[in-house]
Amino acid sequence: MKLPSVVHSDPDIPGGTPVFVGTRVPLQALIDYLEGGHSLEEFLPDFPTVSQEMAIAALEQAKAHLIADARAA
């Protein structure tokens, strides 16, 4: 069973940038924090509309897509 995505893209919300559902927070913000060596615990207070569960689900969905793409290659 496929779970609903916690990230979506809408042309009316920052020009189609993928954002967390129900927010205007770009997924890229989370990725940038993690790439910069920051923890999820540092990200969450700066983006209070994103719950810990949403952030973890987005990372899990990204992981699933990467694994599926690698297997298909």
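For the structure itself, consult the block above.
Residues numbered from 1 in each chain as written. Predicted model: local features only at pLDDT ≥ 70, side-chain atom pairs only at ≥ 80, totals over all residues. Heavy atoms only, no water.

A. Spotlight on the side chain of T23. Looking at the element boundaries, T23 is found in the loop between β2 (19-20) and α1 (27-35). The residues touching T23, leaving out its near neighbours within four places in the chain, are I13, T49, V50 and M54. (Helix = DSSP H or I, 4+ residues; strand = E, 2+ residues; numbered from the N terminus. Contact = heavy atoms within 4.5 Å.)

B. Seen up close, the packing of aromatic side chains. Counting across every chain of the model gives three aromatic pairs. Ring geometry for Y33 and F43: centres 5.3 Å apart, planes at 80°, overall edge-to-face. Here the residue Y33 occupies a position in helix α1, and F43 occupies one in helix α2 (residues 40-46), the gap between them amounting to ten residues. Exposure remark for F43: the relative accessible area of 0% places this residue in the buried category. Grouping aromatic residues by their ring pairs yields a cluster made of Y33, F43 and F47. (Phe/Tyr/Trp six-rings, centres within 6.5 Å; stacked < 30°, edge-to-face > 60°. Buried < 20%, exposed > 50% of the residue type's maximum accessible area, 1.4 Å probe, protein only.)

C. Local environment of α1. Of all the positions in α1, only L27, A29, L30 and Y33 are classed as buried. The arc that holds every buried residue of α1, seen down its axis, measures 160°, which confines them to one face. Tucked into the core, α1 has its buried residues touching β1 (7-8), β2, α2 and α3 (52-72). A positive phi of about 90° marks G37, the residue just after α1. (Arc of directions from axis to C-beta.)

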